[in-house]
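Tertiary structure, described
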Amino acid sequence: AQKITQTQPGMFVQEKEAVTLDCTYDTSDPSYGLFWYKQPSSGEMIFLIYQGSYDQQNATEGRYSLNFQKARKSANLVISASQLGDSAMYFCAMREGDGGYQKVTFGTGTKLQVIP
Amino acid sequence: DAGVIQSPRHEVTEMGQEVTLRCKLISGHNSLFWYRQTMMRGLELLIYFNNNVPIDDSGMPEDRFSAKMPNASFSTLKIQPSEPRDSAVYFCASSPGLAGGLPYEQYFGPGTRLTVT
């Protein structure tokens, strides 16, 4: 079974609109963390946001927020007020376990295109 | 502060040749990760080190691949002999681990684009 599933290969959004990128995960470990990374066409991987499994509140970082629904095992990324520079690939990822073990599994990504 | 540094940025080599990719961690980070990205397989973890010790190398494709951390700030990924199917972008990432900051955040280098002909 896939540990991280991103069902949207591609998305379009109008500039200044909000967009939600879907991510579901599969784990039986009670301690885990969820990440979102952005990869622009230039190729670098940029960390956006992190949510720990025990965090009580949804993570937010500027225009990015993570809609964490633990019972549904979903960790959707919400980008508010989209900008042209948001056009990129977006990867959801998960770290499982505790005690410092840091292996991270990445999803297949969603390509977001912001339309002027 | 300098981020993760990778060299070379681009490498073109012929099948059968040895390839060495290099990575310099962010100062103070104690975890190092090597990833491979291809269109077909996405982003795959090859190996990760913590405090210079390999923790998980289950993603290393086969014996042709080897990775080392000769010191706390530097790592190499070697492919010998290289094959066309090794063509990919190889990323190195470092993390502060539990030492500080967001412990599990990984800072990625710019990647090395490897082409094996």
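Just above, that's the structure.
Residues numbered from 1 in each chain as written. Chains lettered and ligands numbered in written order. Predicted model: local features only at pLDDT ≥ 70, side-chain atom pairs only at ≥ 80, totals over all residues. Heavy atoms only, no water.

**Section: the layout of surface pockets**
Roughly 670 Å³ of internal volume is contained in the largest pocket. Lining the largest pocket are 29 residues, and of these Q39 of chain A together with Q37, M39, V89 and R113 of chain B sit closest to its centre. Residue assignment for the lining of the largest pocket shows that the elements contributing at least two residues are strand 10 (88-96) and strand 12 (110-115) of chain A together with strand 4 (31-38), strand 9 (88-95) and strand 11 (112-116) of chain B. Residue classes in the lining of the largest pocket are distributed as 12 nonpolar, 14 polar and three charged. In this structure, the second largest pocket occupies an estimated 370 Å³ of space. Counting residues per element, the ones that place at least two in the lining of the second largest pocket are strand 11 (104-106) of chain A together with strand 5 (42-50) of chain B. With five residues, strand 5 of chain B is the largest single contributor of residues to the lining of the second largest pocket. Classifying every residue of the lining of the second largest pocket by side-chain character gives six nonpolar, seven polar and five charged. (1 Å grid on protein atoms, 1.4 Å probe; cavity = no way out; pocket = protein on both sides within 12 Å on 5 of 7 lines; lining within 4 Å. Points joined across faces, edges and corners; volume = space filled by probe spheres on them. Helix = DSSP H or I, 4+ residues; strand = E, 2+ residues; numbered from the N terminus. Nonpolar A, V, L, I, M, F, W, Y, C, P; charged D, E, K, R; others polar.)

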